[in-house]
Amino acid sequence: VRRAVFSGPFSVEVQHAPEPVRGDGQVLVAVEYCGICTWEQRVFRGVRPEYPLLGGHEVSGRVLEARPGAHVRTGDLVAISLVPRCGCCSYCARGSDNLCAYTSAHPHDPESAHGPGGLSQVLSVNAGDVYPIPDGIGADVAALVEPVACVLRSLSRGDPRPGDLVAVFGLGFTGQLHVMCARAQKCRTIGILTDRERAWPAEVRIAPDSVVASTDSATILQHLREDVGESGVDVAICTRGESASVACALKIVRPGGKVIVFQSIRDSGGLTIDPSALRSREISLVGSLSHGREDFARAAALVGGREVDPSGLIGRRFPLHGVQEALEFAVRNPNLRTMVHLRDADR
Ligand SMILES: [Zn+2]
Ligand SMILES: [Zn+2]
């Protein structure tokens with residue numbers, strides 16, 4: 001089978017590997033589509049030099065072989081969760097398997113290729129990590145169950161109620177997914193265009209209820225009063241804009257509000273937090289990382305039931321032999337998901 005290996009800065013190679021063998025309790029899957037997320041883009045750009053990496057973690061496929069009596073059968077379309085988890089540490093036991101102690105305690109061996117391996121034509125994965133998606137949903141859309149799961153976790157960290165006002169900083173791919181999922185939870189949404197959007201004008205396909213093109217808190221609060229009739233937001237989610245978004249978000253949430261750090265932020269940018277404001281206004285500042293099992297199951301149900309439809313956020317599709325070009329394209333076009341189609345390539 002063929003698979004993509006990130007071998008160095010701005011270099012992804014297609015290599016041959018032996019076809020994986022289905023282990024006990026595993027399902028053999030022919031990968032259909034893999035989305036290119038920011039993690040792969042960072043490795044590609046050399047920001048995270050974790051070579052050689054078997055990248056790709058937003059994956060759909062068709063079942064090639066499963067144990068008799070398994071919950072999936074040969075030919076089924078599936079979404080696959082490739083987050084490694086041990087299933088028995090204290091984090092896994094309490095449903096925070098995205099924080100699994102085992103996987104964080106075992107960093108990769110720099111001599112061998114490592115990683116989720118979603119840009120491989122065939123994968124053998126644990127049966128519990130494979131979620132059937134009904135016929136009629138595109139295999140490309142099924143691959144986006146993973147980012148939907150991450151966004152559902154992020155929203156759950158803010159726990160908005162129906163009718164609540166949710167602000168989303170950044171209207172790129174994950175920002176728009178937040179708008180879509182918040183709306184599915186009957187929340188009202190306001191999109192905040194960050195400086196990044198001015199560098200890469202957002203192709204907004206999923207429009208929030210209102211949009212402000214500023215990360216100045218006074219401007220946003222004025223917009224909220226005049227155009228939305230509110231004095232603040234209940235939940236603010238930072239998907240872009242680094243620390244400046246977090247600083248602004250802390251000022252526009254109302255008392256009791258929650259600020260969620262979804263974006264991976266490398267530089268604190270001199271962010272200062274006023275602990276007395278957190279206390280007196282009872283504001284929560286929380287992070288959100290990847291997805292847990294429950295988030296993935298919910299995402300598969302919502303996408304499978306068409307309650308969340310991310311099809312409009314799919315950008316260009318590339319074949320496996322064009323993976324280098326796909327990465328170059330994804331880096332230049334971060335607002336829609338660039339996808340790699342693995343099915344048509346010869347094994
Ligand atoms: Zn992702
Ligand atoms: Zn664990």
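Preceding this paragraph is the structure being described.
All figures in this text were calculated on a predicted structure; none of them were measured in a lab.

Colleague: Go over the pairing of strand S4 (residues 58-65), please, and point to the residues and values.
Modeller: Note: strand S3 (residues 26-35) against S4, seven bridges, orientation antiparallel. Opposite Ala30, over in S4, you have Arg62 as the bridge partner. With four bridges connecting them, S4 and strand S5 (residues 77-80) associate as antiparallel partners. In the sheet register, Arg62 faces S5, and the bridge partner there is Leu77.

Colleague: Go over the environment of Thr38, please, and point to the residues and values.
Modeller: Looking at where Thr38 falls in the secondary structure, it is placed in helix H1 (residues 38-45). C-alpha of Thr38 to C-alpha of Arg337: the two residues are 299 residues apart in sequence and 9.9 Å apart in space.

Colleague: Lay out unusual backbone geometry with the relevant residues and their values.
Modeller: Residue Pro52 is reached from Tyr51 by a cis peptide bond, and omega for that bond is -10°. Its location among the elements puts Pro52 in the loop between H1 and S4. Here the phi dihedral of Asp159 falls at roughly 45°; this positive angle occurs in a residue that is not glycine. Considering the arrangement of structural elements, one finds Asp159 in the loop between helix H5 (145-158) and strand S8 (165-169). In this structure Asp159 comes out as exposed when scored by relative accessible area, which is 55%. Phi is positive for Glu242, which is not a glycine, with a value near 55°. Relative to the elements of secondary structure, Glu242 occurs in helix H9 (residues 242-252).

Colleague: Could you give an account of the packing of helix H8 (residues 217-228) against H9, naming the residues involved and the relevant values?
Modeller: In a packed pair of helices, the relevant descriptors are the angle between the two axes and the axis-to-axis distance. Where H8 contacts H9, the axes come no closer than 9 Å and their chain directions differ by 40°. As the angle between them shows, H8 and H9 are arranged oblique. Judged by the twist between their axes, the crossing of H8 over H9 is right-handed. Facing H8, whose interface residues are Ser217, Ile220 and Leu221, H9 presents Cys248, Lys251 and Ile252.

Colleague: Any details on the coordination of the zinc ion (ligand 1)? Residues and values, ideally.
Modeller: Distances from the zinc ion (ligand 1) to its protein donors, namely Cys37 (SG), His57 (NE2) and Glu58 (OE), fall within the range 2.2 to 2.5 Å. Read in sequence order, the donor residues coordinating the zinc ion (ligand 1) give the pattern C-x19-H-E. Exposure class is identical for His57 and Glu58. Each is buried.

Calculation rules
- Residues numbered from 1 in each chain as written.
- Chains lettered and ligands numbered in written order.
- Predicted model: local features only at pLDDT ≥ 70, side-chain atom pairs only at ≥ 80, totals over all residues.
- Heavy atoms only, no water.
- Pairing = 2+ DSSP bridges.
- Helix = DSSP H or I, 4+ residues; strand = E, 2+ residues; numbered from the N terminus.
- Buried < 20%, exposed > 50% of the residue type's maximum accessible area, 1.4 Å probe, protein only.
- Axes fitted to C-alpha atoms, helices over the stretch in contact; angles between N-to-C directions.
- Parallel < 35°, antiparallel > 145°, perpendicular 65-115°, else oblique.
- Left-handed = near helix turned anticlockwise from the far one by under 90°.
- Contact = heavy atoms within 4.5 Å.
- Donors = N, O, S within 2.8 Å, 3.2 Å for Na, K, Ca; no water.

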